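# What the coordinates show
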Amino acid sequence: ISPARGVSGKNDAPTDSCARAPSYRLSQSTPGTMASGEEDGAVEEKESNNKKRTKGAIATTWLTFYNIAMTAGWLVLGVAMMRFYLQKGTHKGLYKSIARTLKFFQTFALLEVGHCATGLVRTSVIVTGVQVSSRIFMVWFITHSIRQVQNQESLILFLVAWTVTEITRYSFYTFSLLKHLPYFIKWARYNLFIIMYPLGVIGELMTIYAALPYVRKSGMYSLRLPNKYNVSFDYYYFLIIVMLSYIPLFPQLFLHMLRQRRRVLHGEVIVEKDE
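Rules and cut-offs
Residues numbered from 1 in each chain as written. Predicted model: local features only at pLDDT ≥ 70, side-chain atom pairs only at ≥ 80, totals over all residues. Heavy atoms only, no water. UniProt positions renumbered as here; feature names shortened; annotations may be inferred. Helix = DSSP H or I, 4+ residues; strand = E, 2+ residues; numbered from the N terminus. Axes fitted to C-alpha atoms, helices over the stretch in contact; angles between N-to-C directions. Parallel < 35°, antiparallel > 145°, perpendicular 65-115°, else oblique. Left-handed = near helix turned anticlockwise from the far one by under 90°. Contact = heavy atoms within 4.5 Å. pLDDT = per-residue confidence, 0-100. Buried < 20%, exposed > 50% of the residue type's maximum accessible area, 1.4 Å probe, protein only. Salt bridge = Lys/Arg side-chain N within 4 Å of Asp/Glu carboxyl O. Phe/Tyr/Trp six-rings, centres within 6.5 Å; stacked < 30°, edge-to-face > 60°. Lys NZ or Arg CZ within 6 Å of the ring centre and 35° of its normal.

The name recorded for the protein in an unreviewed UniProt entry is Very-long-chain (3R)-3-hydroxyacyl-CoA dehydratase, from Electrophorus voltai. Quoted verbatim from the Pathway (unreviewed entry) field of UniProt, the annotation for the protein is "Lipid metabolism; fatty acid biosynthesis."

Tracing the sequence through the fold places N191 in the loop between α7 (183–189) and α8 (193–218). Distance in space between the C-alpha atoms of N191 and L265 is 9.6 Å, their sequence separation being 74 residues.

As a further point, take the packing of helix α3 (residues 94–108) against helix α6 (residues 153–177). Running from N to C, α3 and α6 cross one another at 40°; their axes reach a closest spacing of 13 Å. Relative to α6, the element α3 lies oblique. Where α3 crosses over α6, the handedness of that crossing is left-handed. Across from L94, Y95, I98, L102 and Q106 in α3, the residues of α6 making contact are L155, I156, L159 and W162.

Turning to the confidence of the model for the protein, a few remarks are in order. Low-pLDDT stretches of the model should not have their predicted coordinates read in fine detail. Mean pLDDT over the protein works out to 85, with 79% of the residues at or above the 70 mark. Within the model, pLDDT remains below 50 along residues 1–29, and this stretch shows 35 contacts once partners closer than five positions in the same chain are excluded. This stretch, residues 270–275, has a pLDDT under 50; its non-local contacts, to residues over four places away or in other chains, come to 4 contacts.

UniProt marks residues 65–86, 125–143, 155–178, 190–215 and 235–255 with the feature "transmembrane region" (unreviewed entry), using the numbering shown here. Between the C-alpha atoms that bound residues 65–86 the distance is 32 Å, and the span itself is 100% helix and 0% strand. Annotated as residues 235–255, this span is 100% helix and 0% strand, and its ends, taken at the C-alpha atoms, are 30 Å apart.

What follows covers the side chain of T168. Within the secondary structure, T168 sits in helix α6. Taking the relative accessible area as the measure of exposure, T168 reaches 12% and is therefore buried. If sequence neighbours within four positions are ignored, T168 has contacts with I185, A188, R189 and L192.

Summed over all chains, the structure comprises 4 salt bridges. Notably, a salt bridge pairs R169 with E112, separated by 3.4 Å at the nearest N-O pair. With R169 in helix α6 and E112 in helix α4 (residues 111–117), the pair connects residues that are 57 residues apart, well separated along the chain. Classification of E112 by relative accessible area gives buried; the value is 2%. The network of salt bridges with shared partners includes E112, R135, E166 and R169.

Attention now goes to the environment of L159. Among the secondary structure elements, L159 is positioned in helix α6. Between the C-alpha atom of L159 and that of L199, which follows or precedes it by 40 residues, the distance is 9.8 Å. Residues within four places of L159 in sequence aside, it is in contact with M81, I98 and L102.

In this structure the tally under the stated criterion is 20 aromatic pairs. Ring plane angle 50° and centroid distance 6.1 Å describe the contact between Y197 and F254, whose orientation is recorded as tilted. A residue pair is termed long-range when its members are at least 10 positions apart, and Y197 in helix α8 and F254 in helix α9 (residues 235–266) qualify at 57 residues. With a centroid separation of 5.0 Å and 90° between ring planes, the pair formed by Y221 and Y235 is classed as edge-to-face. In this pair, Y221 sits in the loop between α8 and α9 while Y235 sits in helix α9, placing the two residues 14 residues apart along the sequence. Overall, the relative accessible area of 3% leaves Y235 in the buried class. For R169, the ring lying beneath its charged end belongs to Y170, and the centroid distance is 4.5 Å. A cation over an aromatic ring shows up here: R216 above the ring of Y236, its NZ or CZ 4.7 Å from the ring centre.

By secondary structure assignment, the location of V125 is in helix α5 (residues 125–143). Overall, the relative accessible area of 37% leaves V125 in the partly exposed class. It is 6.0 Å that separates the C-alpha atoms of V125 and V113, two residues lying 12 residues apart in sequence.

The structure is reproduced here in structure tokens:
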């Protein structure tokens, strides 16, 4: 998401006096009537601007609160991961120790799709939706549902990548909303993803791949024929399709971030083609 912009209200409907005023009455208007009309228009414009400022302030306040909460949440997650590893000296059992916090804050990110859809932020609904839904899928339908993969080393790859990325991203938005953005956070936001994004994708793909034998053996989330719905669904093949979908989606999202990086850090004007 991007820093908040003012949220404009809908255009006010014309008043009855304006709607009824025929053109021939303009020549009969007295100076006093014209002055009164101008004053009424100024008052209406002032009220409209006040409403826009109020809505903009409310939107900014909410987005600031949201980003502070998410920054804090991922910081707590990062500290918990480091503490666990320092105490245990192994990654085994790490996921179980942080699962509740991870599920809460990653699921809470669904609000970002709503932020885009309602115009609170200027990021593409499609881009945000793909990123958020893929994360939630990994959390709930892979690591939560298939316990056999919870101790996979590949799990650590995407957990570390997610945590570093989200701490940087949400702190970037928070300081941007507060209009006090340190350069090192701006630099981190548009440079760390070059490493963290591919690292996270590799971890996700390896974890899904590790889950395939267990999914095939258990038949989980699959629907076999015959059944009353006369529909079949195989979760095993669905996961293979999900893995293949990374091939076209990852380059698009990565290149999108590279374009943003050039625009923000180097001031390049990026002309996006209409889709």
